[in-house]
Amino acid sequence: MNILVINGPNSNMLGVSQTNILGSATLGEIENKIKEAIIDGVKVSFFQSNYEGAIIDRIHRAYDENIKYIIINAGAYAHTSIAIRDAFLATAIPFIEVSISNIYAREEYRKHSYLSDIAIGVISGFGVNSYILALAHILSIKANNTNK
């Protein structure tokens, strides 16, 4: 099974920017923690961009690459991008939306996401573990499908 993890704008600055809200882990450290949680038979790849169009192009390529699930932290684009939403609708790749911070404890505009209602799940506020919880869910789906 192939899983893609997408990180949106400013996630390349994790560990440096807004550490009081987002914590001290860098994007590289988050990727390493995800790699450590992977089981046999699962391949994970990573993509980060500050550009909306690049994220859309990567979602489209994921369709051609037979990516089975996407974990996405769209950052601010979650609150603004109908185009990323449309890319998910076009490809029909199941995805989990993650946020490091609790978006409901932040600014009012962060409480709405254009992705949440089409995601298979939303995980917010558990720091780096938001990614691990999303991965755990996907792995449980794989295990349930294997046992049938």
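As shown above, the structure is provided for reference.
Right, let's walk through the structure included here. (Residues numbered from 1 in each chain as written. Predicted model: local features only at pLDDT ≥ 70, side-chain atom pairs only at ≥ 80, totals over all residues. Heavy atoms only, no water.)

### Focus: the pattern of salt bridges
Then, number 1: By the definition in use, this model includes three salt bridges.
Then, number 2: Among the ionic pairs, D117 bridges to R85, the shortest N-O distance being 2.6 Å. On the criterion of sequence distance, the pair formed by D117 in the loop between β4 (95-99) and β5 (121-124) and R85 in helix α4 (residues 82-91) is long-range, its members being 32 residues apart.
Then, number 3: The salt bridge involving E108 is made with K111; its shortest N-O contact spans 3.2 Å.
Then, number 4: Using a relative accessible area of 60% as the deciding quantity, one classes E108 as exposed. (Salt bridge = Lys/Arg side-chain N within 4 Å of Asp/Glu carboxyl O. Helix = DSSP H or I, 4+ residues; strand = E, 2+ residues; numbered from the N terminus. Buried < 20%, exposed > 50% of the residue type's maximum accessible area, 1.4 Å probe, protein only.)

### Considering the nonpolar core
Then, number 1: One finds I3, I30, I34, I71, V98 and Y131 to be the most contacted residues of the largest nonpolar core, which totals 22 residues.
Then, number 2: Mapped by element, the contributors of at least two residues to this core are β1 (2-7), α2 (27-37), β3 (69-73), β4 and α5 (129-146).
Then, number 3: At six residues, the largest contribution of residues to this core is made by α5. (Core = buried A, V, L, I, M, F, W, Y, C linked by side-chain atoms within 4.5 Å.)

### A word on the pairing of β1
Then, number 1: Most of β1 is tucked away, with five of its six residues classed as buried.
Then, number 2: Relative to strand β2 (residues 43-48), β1 runs parallel, the two being bridged by six bridges. Along β2, the bridge assignment pairs N7 with Q48.
Then, number 3: Relative to β3, β1 runs parallel, the two being bridged by five bridges. Within the sheet, the bridge partner assigned to I6 lies in β3 and is I72. (Pairing = 2+ DSSP bridges.)

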